[in-house]
Every structure is written in structure tokens, then in C-alpha cells.
Amino acid sequence: MTVTHPKGFRASGVAAGLKATGNPDVALVVNDGPDYTAAAVFTGNRVKAAPVLWSQQVLKGGIVRAVVLNSGGANACTGTQGFRDTHATAEHTATVLRGGPKPQMIGPGDVAVCSTGLIGELLPMDKLLPGVSAAARALTADGGGKAAEAIMTTDTVAKNAVVQKEGWSVGGIAKGAGMLAPALATMLVVITTDASADNEVLDAALRESTRLTFDRIDADGCMSTNDTVLLLASGASDVQPTPEELTAAVTAVCHDLAQQLISDAEGATKHVAIVVEGADTEADAVEVGRSVAGNNLVKTALFGNDPNWGRILAAVGTTKAKFEPDRVDVAINGIWICKGGAAAEDRSKVDLTGRDVTITINLREGAMSATIWTTDLSHAYVHENSAYSS
């Protein structure tokens, strides 16, 4: 139930020595066709890692035959040498795949490159390139799980997802546990489908899917330099779903992976859904949800099991969304502790002892809604991000 579930894909994950732990750190996902169409969404950060800059150029051609990914080093803020190293990685990947047991008609311009890890240091190419060769030798039609393990950094579990449709499917892997904020999050995601679809359809499906999923999780308000979400289509099922069917399936996989990311966020003890209802526009609902999700006073209150609706209302008030303060209602886990901008049900009725929390905010301005997913802010998050470089 992973990225190699759709027909036409092979993957692998190996240990190349990039991580001091000796854990797997190089992954390879290969599209064996017959189609090689692709789409991608990248970080909104103006500071972009070398592999992002490279992969943006690759995607302009609309063809991706392979994705090579490494953890243990972001290759971000590494200057011209970092970009040359990315180019060399793509070149080496193409070379080994051309000479493998299933020879590929592939050049470096068909290879997307993804990296994750510490920013500001060059990758050890003397380890990475042999690791790519080993990953190519290890490619199998059930290797998606190994690839998911190899891209983990501070993740505690590998992240895989599949949606099976009639005669075709969509699968995916992801990594990400910190620097999770909108546009996209510190994530590497590879999504595959054996459906047939042209680049325009894939691009529209992916952008709509990420807008509703990855772009609506926010663990800590921090945006990475390396975020990449790739969608590859092999056409191996010989099924061409409608654009709506494809978008729905890709969205389901993205939602599954996004929820796994937020559930595994660094130091999190709460998985929080912020549901904004009664908004005048969807943009208003998203803005309000993001404001609450990014408010440290709200997040620390949740960590302390404190149903502090005043902090929530104050966060709503920092937005430009259309609402009247004396009409806003707030519920936590179904208990409406704020009605009309003032105290309502007894806050002691709210049970915050569990991991799952739902905050519902009704702006009473219209019919639009949106959900943002976030976490609490714990001692463990502070410790994890202060105890070592990331």
C-alpha cells in the first residue's frame, strides 16, 4: 500500500552513509511507463534548495522517468557547487538506469532530485553517488516501503498511502515532521498513478489536491527550502479517468499523507482540526483557521489541556476576515464555550485529555467553510529543535 502499488513503478531505499545513524538515506522511484507524464508543486519559500531549482527545470519538460531522493542533507544554500552536485546526481542516476537490468531511455533532464536534512552544507558526493548505484540495483516492484523509510529525517514512522479505483490506482510516500506550514510544509512527497493523463490534467489535479491538503496543515509556522510534491503517471493500467475522478483520488492520497504528517509532527501531543464555518468566503475561512493554528498561546493552552476560548477569539481578531466580534461562536470538542463573542457553556465540560481535538469557529457571515490541521506546542518540540541542528 505505497508508491509502488500502481502498476509501472519500481522503487528502493538504501543506506549510503549520509546519516550518522546508518539508517537508509537514499531512495529511488522509477516510472517504467508506457507514459511518463508528471506534475509538481514546490515550496513557496524564496530561498530554494538546489534540488528544487533543478526539478523545476525538469518539470518544464513535462516528463519524469525517475526521482532520486536523499535524506541526511538538504543541499540548500550551497551556492553553485550545490547545483552542480544536483546535476551530477541526476546525471549519475540516468547513467545507472540506462545500464540496469531494465535499461531506461533516460537522460538527466528526465530525473527529478529531492533532498532533505541540514541546510547549508554540501552533500558528501563520494557517498551519495554510490548510494544511487546501490538504489538502482535494489529497485523492485514492491520497494515503495523501503523508499518511504529512506526519506525519513525526524519522522518517527514511514508514511505511505494508496487509493484503489476500478482498474487503476494512486499511491504515495511522504516525509515531514517539522517546519510544517502552509505552502507546502517541509515535505518530500512522491505520488504515482497508473492512470493515463496528460500534463495539464495532472497539474490541475495536483494543485487542487495540495490546496486542500498539504497547504492546510501547519504545525509550527515554519516554511522549508526543499518542499517538493511530485505526481507521476505511468499509464500502465490503460485507464483514463475523468479529470474529476483523478483529482478526487489524488486528493484522497494527499489528505491521507497530510494527516500522517501532522500526526507525526515533532513533539506533538495533540492532533487538532480547526473547522471554520459560516465564513463569507473560503479565503476568509482559511485565513481564520491559519491564524488560530499559528497562535502560540492557543497551542500552549492545548498542550496544557486548557480550553482557553479567549485565546482563540483573540487569534480570530487578528485577521482581515469579515465578521462581527459579538456574533462569533467557538466550540472545543463539541462544547460551545463561546456564543456571540462571550462565555457560554461551562468550559470544564471540555475534555482535552485525548489526542484528537476539534476547534469549531462559526463566523456567522455566510456559507463557506475550511479546515486547517495543526498541533499543540510542547516541551518536546522545543527540546527537539534546540538540542541539535536541523
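Here we summarise the structure given alongside this text.

Reading the values: rules and limits
- Counting from 1, residues in each chain are numbered in the order their sequence is written.
- Owing to the predicted nature of the model, reporting of local features is limited to residues with pLDDT of at least 70; listing and counting of side-chain atom pairs is limited to 80 or more, with chain, interface and lining totals taken over all residues.
- With hydrogens and water stripped out, all remaining heavy atoms of the structure feed into the side-chain values.
- At least two DSSP bridges between two strands are needed for those strands to be called paired.
- The way it works is that DSSP assigns letters per residue, a run of H or I at least four long becomes a helix, a run of E at least two long becomes a strand, and they are numbered from the N terminus.
- By the convention used here, residues are in contact when the closest approach between their heavy atoms is within 4.5 Å.
- Fitted lines through C-alpha atoms serve as axes, helices being fitted only where they are in contact, and the angles separating the N-to-C directions of these axes extend from 0 to 180 degrees.
- Oblique is the label for every angle not falling under 35 degrees (roughly parallel), over 145 degrees (roughly antiparallel), or within 65 to 115 degrees (roughly perpendicular).
- In this scheme the crossing of two helices becomes right-handed for a clockwise turn of the near helix relative to the far one and left-handed for an anticlockwise turn of less than a right angle.
- Three classes are used, and their members are as follows: Ala, Val, Leu, Ile, Met, Phe, Trp, Tyr, Cys and Pro are nonpolar, Asp, Glu, Lys and Arg are charged, and the others, Gly among them, are polar.
- Remark: exposure states derive from per-residue accessible area (1.4 Å probe, protein chains only) relative to the maximum for the residue type, with buried under 20%, exposed over 50%, and partly exposed in between.
- The term nonpolar core refers to a set of buried residues drawn from Ala, Val, Leu, Ile, Met, Phe, Trp, Tyr and Cys, joined through side-chain atoms within 4.5 Å.
- Here a pair means two rings of Phe, Tyr or Trp (six-membered ring of Trp) with centres within 6.5 Å. Their orientation is stacked below 30 degrees between planes, edge-to-face above 60, and tilted elsewhere.
- Criterion for a charge above a ring: Lys NZ or Arg CZ within 6 Å of the ring centre, and within 35 degrees of the ring normal.

Some thoughts on the sheet that holds strand β16 (residues 368-375)
With mixed pairing, the seven strands of this open sheet are ordered in space as β9-β16-β11-β15-β12-β13-β14. Each edge of the open sheet is held by one strand with a lone partner, namely β9 (217-218) and β14 (342-343). Packing against the sheet, helix α6 (residues 243-263) makes contact with β9, β11 (271-279) and β16, and its axis sits at approximately 40° to β16.

Quick look at the packing of helix α1 (residues 50-60) against helix α2 (residues 79-98)
α2 packs onto α1 with a crossing angle of 55° between their chain directions and a minimal axis gap of 8 Å. Here α1 lies oblique to α2, going by the angle between them. Crossing angle aside, the handedness with which α1 passes α2 is right-handed. Counting all contacts with α1, which are made through Ala50, Pro51, Leu53 and Trp54, the residues of α2 involved are Gly82, Phe83, Thr86, His87 and Ala90. Taken together, the residues of the contact of α1 with α2 break down into six nonpolar, three polar and no charged.

Describing the environment of Glu277
Inspection of the secondary structure puts Glu277 in strand β11. Judged by relative accessible area, Glu277 falls into the partly exposed class, the value being 31%. When the C-alpha positions of Glu277 and Gly289 are compared, they lie 9.9 Å apart, and in sequence the two are twelve residues distant. Residues contacting Glu277, with those up to four places away along its chain left out, are Thr360, Ile361, Asn362, Leu363, Arg364, Met368 and Ser369.

Details of the sheet that holds strand β10 (residues 228-233)
Strand order across the open sheet formed by five strands is β3-β10-β8-β7-β6, with mixed pairing between neighbours. Looking at strand neighbours, the two that pair on one side only are β3 (37-42) and β6 (159-164), the edges of this open sheet. Looking at each pair of strands side by side, their axes are set apart by 10° on average, direction ignored. Examined bridge by bridge, β3 and β10 share six bridges and lie antiparallel to one another. Bridging across to β10, Ala38 finds its partner in Leu232. Taken strand by strand, helix α5 (residues 199-212) contacts β3, β8 (188-193) and β10, and its axis lies near 30° from that of β3.

Quick notes on the nonpolar core
The biggest cluster of nonpolar side chains holds 50 residues, and the ones touching the most others in it are Val67 and Leu69. The residues touching Val67, leaving out its near neighbours within four places in the chain, are Ala27, Leu28, Val29, Ala112, Cys114, Val190, Leu230 and Leu232. Ranked by size, the runner-up nonpolar core spans 34 residues in total, among them Ala39, Ile191, Ala195 and Ala219.

Looking at the packing of aromatic side chains
Evaluated as defined, the whole model comprises one aromatic pair. Between the NZ or CZ atom of Arg65 and the centre of the ring of Tyr36, over which it lies, the distance is 3.9 Å.

Some thoughts on the packing of α2 against helix α3 (residues 125-137)
Put simply, α2 and α3 touch, their axes get as near as 9 Å, and they point 30° apart. Put simply, α2 runs roughly parallel to α3. Considering how the two elements wind past one another, α2 and α3 form a crossing that is right-handed. Each of Asp85, Ala88, Thr89, His92, Thr93, Val96 and Leu97 in α2 lies in contact with α3, whose residues at this interface are Met125, Leu128, Leu129, Val132, Ser133 and Ala136. The residue makeup of the contact of α2 with α3, split by class, is eight nonpolar, four polar and one charged.

So, the pairing of strand β13 (residues 335-339)
Each regular strand displays side chains that alternate between the two surfaces of the sheet. Two strands pair when backbone bridges link them, and strand β12 (residues 329-332) and β13 are joined in this way by three bridges, in the antiparallel orientation. Looking at β13, one finds that Val330 is bridged to Cys338. Here β12 hands over to β13 after two residues, with Asn333 in that stretch at a positive phi of 50°. Sheet analysis places β13 next to β14, joined by two bridges and oriented antiparallel. Each bridged residue has a counterpart across the sheet, and for Cys338 the counterpart in β14 is Ala343. Taken together, β13 and the strand that follows it, β14, pair antiparallel across an intervening segment of two residues, in which Gly340 is found at a positive phi of about 60°.

Here we look at unusual backbone geometry
Of the consecutive residues Gly33 and Pro34, the connecting peptide bond is found in the cis state with omega at 20°. Along the chain, Pro34 falls in the loop between β2 (26-31) and β3. Of note, the phi angle at Asn333 is positive, near 50°, even though the residue is not glycine. With respect to the secondary-structure elements, Asn333 resides in the loop between β12 and β13. A positive phi is found at Arg364, a non-glycine position, where the angle reads about 55°. Considering the arrangement of structural elements, one finds Arg364 in the loop between β15 (356-362) and β16.

By themselves, these observations are geometric and do not establish any function.
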